[in-house]
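Next come the chains, spelled out residue by residue.
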Amino acid sequence: MLHQKYPFSLPPLLYGFDALEPYIDAETVYYHHDKHFKAYVDNLNEALAPHPALYNQTLRGLLLNGQMQPESARRAIHNNAGGVYNHDLYFKGLAPKNENVHEPKGELLALINRTFGSFLMLKERFNQSALSVFGSGYTILALTPQSRLNIVNVKNQDTLLGRNYATLIIADVWEHAYYLKYKNRRKEYVDNIWNLLVIPEIYRV
Ligand code: MN3
């Protein structure tokens, strides 16, 4: 996704709308992917359309070079390119419960144990962080350039790209990610999302 250029297209969902049931319901996945995510793609294209000089920029370039963009388009590009990038990570970072990808293994497990004490304690810290997001944003387990694990919240559609962090796990905590099923119960959503989060096997950047 980071290497794509204008015009951007919506990446297909790699599983069915109902594949994440009962933890995330089919209606939420449908609206989140086909409406919300698609709107970021469409709005990014719309923001770029009047600026042919930006057509050769990759998504990564658009996110990292805001200061080179016309001021009138800068905010829309930041928000929508961030929304495209974050949602691509989010949907690719989820998988049905029955797939054997939801427990850390090998080197990443060792690093989690050294950093947090255990996988259970990582989950507790991550969930606390997710509950502390005020307004809209994401909670991310990131790998720093020094190969340390860090739990970070980002606001709205900000990303960690500029900090050179690799995103290992990302939870969308915008209300649209859970409100149809969980209403105001964000805690239940973040507790349940661990049934779906894909824990990567290789953590090197
Ligand atoms: Mn979202």
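Before going into details, it helps to say that this report is about the structure given with it.

Residue placement: H102 occurs in the loop between α3 (71-92) and α4 (106-116). For H102, a relative accessible area of 10% translates into the label buried. As for H102 and N195, which are separated by 93 residues in sequence, their C-alpha atoms are 6.7 Å apart. The residues contacting H102, other than those within four sequence positions of it, are A95, P96, K97, F119, W194, N195, L196, L197, V198 and I199. A distance of 3.3 Å separates a polar side-chain atom of H102 from the backbone oxygen of N195.

Core analysis: the biggest nonpolar cluster contains 64 residues, and L59, Y90, L94, L141, L149 and Y189 have the highest contact counts within it. Those residues in contact with Y189 that lie beyond four places of it in its chain are I24, Y90, D172, V173, A177, Y178 and Y182.

Moving on, we get to the environment of R163. As for its position among the elements, R163 is in the loop between β2 (149-155) and β3 (166-172). A relative accessible area of 45% places R163 in the partly exposed class. Each C-alpha atom, one on R163 and one on S72, is 25 Å from the other, the two residues being 91 residues apart in sequence. The contact partners of R163, leaving out residues within four places of it in the chain, are P145 and V152.

When we look at a pair of aromatic rings, we describe it by the centre distance and by the angle of the planes. Counted according to the given criterion, the structure contains 9 aromatic pairs. On the numbers, 5.7 Å between centres and 85 degrees between planes, the contact of F119 with W194 is edge-to-face. One end of the pair, F119, is in helix α5 (residues 119-131); the other, W194, is in the segment after α7 (186-193), with 75 residues separating them in the sequence. Ring geometry for Y178 versus Y189: centroids 5.0 Å apart, planes at 25 degrees, classification stacked. A residue pair is termed long-range when its members are at least 10 positions apart, and Y178 in the loop between β3 and α6 (179-182) and Y189 in helix α7 qualify at 11 residues.

The protein atoms that coordinate the manganese ion are H32 (NE2), H87 (NE2), D172 (OD) and H176 (NE2), at distances spanning 2.0 to 2.2 Å. In primary sequence terms, the donor set of the manganese ion follows H-x54-H-x84-D-x3-H. Linking H87 in helix α3 with H176 in the loop between β3 and α6, this pair joins segments that are 89 residues apart in sequence. For H87, a relative accessible area of 0% translates into the label buried. Its relative accessible area of 18% is what places H176 among the buried residues.

Moving on, we come to the pattern of salt bridges. Under the defined criterion, the tally for this structure stands at 4 salt bridges. Among the salt bridges present, the one from K92 reaches D88, with a minimum N-O distance of 2.7 Å. With K92 and D88 both in helix α3, this residue pair falls 4 residues apart, about one helical turn. Given a relative accessible area of 43%, K92 falls into the partly exposed group.

Bringing unusual backbone geometry into the picture now. Between Y6 and P7 the backbone carries a cis peptide bond, its omega angle lying at -5 degrees. Positionally, P7 belongs in the segment before α1 (26-48). E21 connects to P22 through a cis peptide bond whose omega is 0 degrees. Tracing the backbone shows P22 in the segment before α1.

Thresholds applied
- Residues numbered from 1 in each chain as written.
- Predicted model: local features only at pLDDT ≥ 70, side-chain atom pairs only at ≥ 80, totals over all residues.
- Heavy atoms only, no water.
- Helix = DSSP H or I, 4+ residues; strand = E, 2+ residues; numbered from the N terminus.
- Buried < 20%, exposed > 50% of the residue type's maximum accessible area, 1.4 Å probe, protein only.
- Contact = heavy atoms within 4.5 Å.
- Polar contact = N/O pair within 3.5 Å; in protein donor to acceptor, adjacent residues only side chain to side chain.
- Core = buried A, V, L, I, M, F, W, Y, C linked by side-chain atoms within 4.5 Å.
- Phe/Tyr/Trp six-rings, centres within 6.5 Å; stacked < 30°, edge-to-face > 60°.
- Donors = N, O, S within 2.8 Å, 3.2 Å for Na, K, Ca; no water.
- Salt bridge = Lys/Arg side-chain N within 4 Å of Asp/Glu carboxyl O.

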